[in-house]
Amino acid sequence: MKIAIIGGGIGGAATAHALLRKGFDVTIFEQAPAFGEVGAGVQITPNAVKAIVGLGLADKLFANAFYPKAVTGRHWQSGRQNFRIDLGPEFRAHYDAPFIHVHRADLLDILISDLPSENCRFNMRCTGIEQTAGGARASFADGSQIDADLIIGADGVRSVVRSQLFGEGGLRWTGHQCYRALVPTGGVVDYVAPESAFWMGPKAHVVTYYVKGGRAVNIVAVTEAQEWVTESWSTRASADEMLRDFEGWHPDLQKLFEGVTETFNWGLFDRDPMDTWSKGNVTLLGDACHPMLPFLSQGAAMAIEDAYVLAEALAMHRDLGDALAAYEAERQPRTARVQLEARERGRTYHLPTEEEMARRDEEYARLAKEDPRTTGINTDWVYDYDPRNFSRKLAA
Ligand SMILES: Cc1cc2nc3c(=O)[nH]c(=O)nc-3n(C[C@H](O)[C@H](O)[C@H](O)COP(=O)(O)OP(=O)(O)OC[C@H]3O[C@@H](n4cnc5c(N)ncnc54)[C@H](O)[C@@H]3O)c2cc1C
């Protein structure tokens with residue numbers, strides 16, 4: 001089967017790798033002149049680690065990983081801990097995988113490491129999709145066209161492939177914007193704990209964690225806004241603006257923010273879950289079909305799980321329609337739940353008053369007593385998923 005992937009982000013790259021392993025003839029068509037990711041970190045939760053292990057890339061992933069000791073919630077001003085999930089051996093044994101942090105460029109390099117250059121075509125901006133007799137056709141901005149048995153739209157939140165299949169519209173401004181920055185620290189420093197730390201304040205939160213094996217700290221600092229005024233997803237912002245927006249937050253955060261030399265401000269958009277992702281010989285994957293707020297750290301994770309499952313479904317089913325139906329049946333309910341839960345985090349992480357925050361933290365403490373592994377943020381069902389069970393189910 002000849003397969004074309006539109007988009008060479010984390011989702012497209014993972015899919016190309018997964019399909020090549022299964023022996024498919026696959027080509028990525030990426031609009032940029034080369035592969036590239038934003039200069040930021042990504043949290044890889046155990047469910048995504050299991051998918052990457054299933055793709056045969058475990059050694060490369062672990063060689064680039066930083067292993068945080070815990071996921072913690074903290075009060076924005078006092079630093080008081082309001083929840084803690086220990087990520088030690090018991091956690092790893094329970095989920096059969098660790099929780100890790102990597103730099104995005106490292107993750108992308110890992111996913112494309114086995115991809116022959118002839119399977120990647122750059123400067124190819126897809127502008128149109130149509131079904132053909134027994135296949136599908138993609139058109140590009142340079143006037144060229146390609147035919148394939150299957151086209152996979154992995155072209156992100158503003159997917160052209162999705163709008164060609166299902167029409168424009170549906171993109172939703174979530175009311176959140178965030179600063180992203182990377183601070184080189186040269187190693188673990190005393191003002192940043194080796195944790196995935198969620199600092200929760202009034203109508204804002206900050207996430208900090210180490211990447212690059214502990215040599216730099218990634219910052220995602222989220223605030224609220226009525227609207228996103230620029231056309232672009234991100235605009236360059238000054239470190240002073242960021243410091244101003246987080247004035248009065250804990251001194252450790254202030255100290256970390258003082259190390260920021262370059263930052264971008266991102267508008268955060270999502271969509272309601274879609275009922276279906278495929279039409280004829282075309283399907284969608286990753287942010288193209290289930291863009292979500294980053295508050296559960298799952299967008300890239302979902303794209304990698306999709307990639308694993310789609311390749312398995314295509315390898316196991318002779319009929320393309322059956323394969324795409326099996327892929328969607330496995331992936332749509334899970335990704336829809338994650339999309340909606342991520343939205344809900346936007347509310348609970350941003351409670352406006354100290355009274356509401358105190359009530360939330362009491363609830364976290366109660367839930368932590370019931371189940372210390374998942375505590376108030378209830379991520380058990382997210383981390384527990386193992387995409388390799390899909391192949392086991394198909395094989396059975
Ligand atoms: C602040 C922030 C923090 C995050 N943190 C995490 C985290 O910790 N863990 C996690 O799992 N996820 C996280 N995410 C989510 C994650 O970054 C995304 O969900 C993931 O990158 C989506 O990958 P994708 O390949 O589907 O889409 P994209 O990364 O958007 O890739 C799409 C690709 O398609 C190309 N493209 C677009 N249009 C066309 C076209 N017309 N023709 C050809 N090519 C095209 C683009 O150039 C791009 O290369 C975070 C997101 C944000 C904003």
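Preceding this section is the structure that the text describes.
A brief report on the enclosed structure follows. (Residues numbered from 1 in each chain as written. Predicted model: local features only at pLDDT ≥ 70, side-chain atom pairs only at ≥ 80, totals over all residues. Heavy atoms only, no water.)

**Some words on the site of the ligand**
Inference 1: Around the ligand there are 31 residues in total, and Gly11, Glu30, Gln43, Arg104 and Asp287 lie nearest to it.
Inference 2: Here an oxygen atom of the ligand and a side-chain polar atom of glutamate 30 are 2.7 Å apart.
Inference 3: Side-chain polar atom of aspartate 287 to an oxygen atom of the ligand: 2.8 Å apart, as the coordinates give it.
Inference 4: Here the ligand, which alone exposes 1000 Å², has 86% of that area covered by the protein.
Inference 5: No other element matches helix H9 (residues 299-316), which puts three residues into the shell around the ligand.
Inference 6: A class-by-class count of the residues in the shell around the ligand yields 14 nonpolar, eleven polar and six charged. (Near = heavy atom within 4 Å. Polar contact = N/O pair within 3.5 Å; in protein donor to acceptor, adjacent residues only side chain to side chain. Areas by Shrake-Rupley, 256 points an atom, 1.4 Å probe, with all protein chains shown as cover. Helix = DSSP H or I, 4+ residues; strand = E, 2+ residues; numbered from the N terminus. Nonpolar A, V, L, I, M, F, W, Y, C, P; charged D, E, K, R; others polar.)

**Quick look at the sheet that holds strand E9 (residues 135-140)**
Inference 1: If you trace the three strands from one edge of the open sheet to the other, you get E8-E9-E10, paired in antiparallel fashion. In this open sheet, the two strands that pair with only one neighbour each are strand E8 (126-132) and strand E10 (145-148). Each neighbouring strand pair of the sheet contributes to a mean axis angle of 20°, computed without reference to strand direction.
Inference 2: With six bridges joining them, E8 and E9 adopt antiparallel strand pairing. Among the inter-strand pairings, glycine 128 is bridged to a residue of E9, identified as serine 139. (Pairing = 2+ DSSP bridges. Axes fitted to C-alpha atoms, helices over the stretch in contact; angles between N-to-C directions.)

**Here's the deal with H9**
Inference 1: For H9, spanning 18 residues, the distance from its first C-alpha to its last is 26 Å, which sits close to the expected 26 Å at 1.5 Å a residue.
Inference 2: H9 sits mainly inside the fold: 15 of its 18 residues count as buried. (Expected span 1.5 Å × (residues − 1). Buried < 20%, exposed > 50% of the residue type's maximum accessible area, 1.4 Å probe, protein only.)

**Brief notes about the side chain of serine 391**
Inference 1: Topologically, serine 391 is positioned in helix H13 (residues 388-395).
Inference 2: By relative accessible area, serine 391 is classed as buried at 13%.
Inference 3: Only 3.4 Å separates the side chain of serine 391 from the side chain of glutamate 312, close enough to count as a polar contact.
Inference 4: With sequence-adjacent residues up to four places away left out, serine 391 is seen in contact with Tyr308 and Glu312. (Contact = heavy atoms within 4.5 Å.)

**Examining the pairing of E9**
Inference 1: Burial within E9 is extensive, with five of its six residues counted as buried.
Inference 2: The turn linking E8 back onto E9 is made up of two residues, and glycine 134 within it adopts a positive phi angle of 80°.
Inference 3: Across four bridges, the pairing between E9 and E10 is antiparallel. Each bridged residue has a counterpart across the sheet, and for alanine 138 the counterpart in E10 is isoleucine 146.
Inference 4: The turn joining E9 and E10, which pair antiparallel and follow one another in sequence, is formed by four residues; a positive phi near 95° is taken by glycine 143.

**Some remarks on empty space enclosed by the protein**
If you roll a probe as big as a water molecule over the atoms, it shows you where there is empty space left.
Inference 1: With the rule as written, the count across this model stands at one cavity of 30 Å³ or more.
Inference 2: In terms of lining residues, the largest cavity is bounded by 14 residues, among which Phe198, Leu296, Ser297, Ile377 and Tyr383 are the most central.
Inference 3: For the lining of the largest cavity, the residue count by class is eight nonpolar, five polar and one charged. (1 Å grid on protein atoms, 1.4 Å probe; cavity = no way out; pocket = protein on both sides within 12 Å on 5 of 7 lines; lining within 4 Å. Points joined across faces, edges and corners; volume = space filled by probe spheres on them.)

**Some words on the environment of alanine 16**
Inference 1: By the element assignment, alanine 16 lies in helix H1 (residues 10-21).
Inference 2: For the pair alanine 16 and aspartate 59, spaced 43 residues apart in the sequence, the C-alpha separation amounts to 19 Å.
Inference 3: Residues within four places of alanine 16 in sequence aside, it is in contact with Ile5, Val26, Ile28 and Leu115.

**A look at the pattern of salt bridges**
Inference 1: Applying the stated criterion across every chain, the model contains 24 salt bridges.
Inference 2: When the shortest N-O distance is used, the salt bridge between lysine 22 and glutamate 312 registers 2.9 Å. Taken together, the positions of lysine 22 in the loop between H1 and strand E2 (25-29) and glutamate 312 in helix H9 put the pair 290 residues apart, joining distant regions of the chain.
Inference 3: With relative accessibility at 38%, the residue lysine 22 sits in the partly exposed group.
Inference 4: Between arginine 331 and aspartate 306 there is a salt bridge, with the nearest N and O atoms lying 2.6 Å from each other. Of this pair, arginine 331 sits in helix H10 (residues 320-348) while aspartate 306 sits in helix H9; the two residues are 25 residues apart in sequence, bridging distant segments of the chain.
Inference 5: On the basis of relative accessibility, which here comes to 0%, the residue arginine 331 falls in the buried class. (Salt bridge = Lys/Arg side-chain N within 4 Å of Asp/Glu carboxyl O.)

**Let's talk about the sheet that holds strand E11 (residues 150-153)**
Inference 1: On the basis of which strands lie adjacent, the open sheet formed by five strands has the order E7-E2-E1-E11-E18 and parallel pairing. Both edges of this open sheet fall to strand E7 (120-121) and strand E18 (282-284), since each of them pairs with a single strand only.
Inference 2: Pairing analysis gives two bridges linking E2 to E7, with the strands arranged parallel. Pairing of isoleucine 28 across the sheet is with cysteine 120, part of E7.

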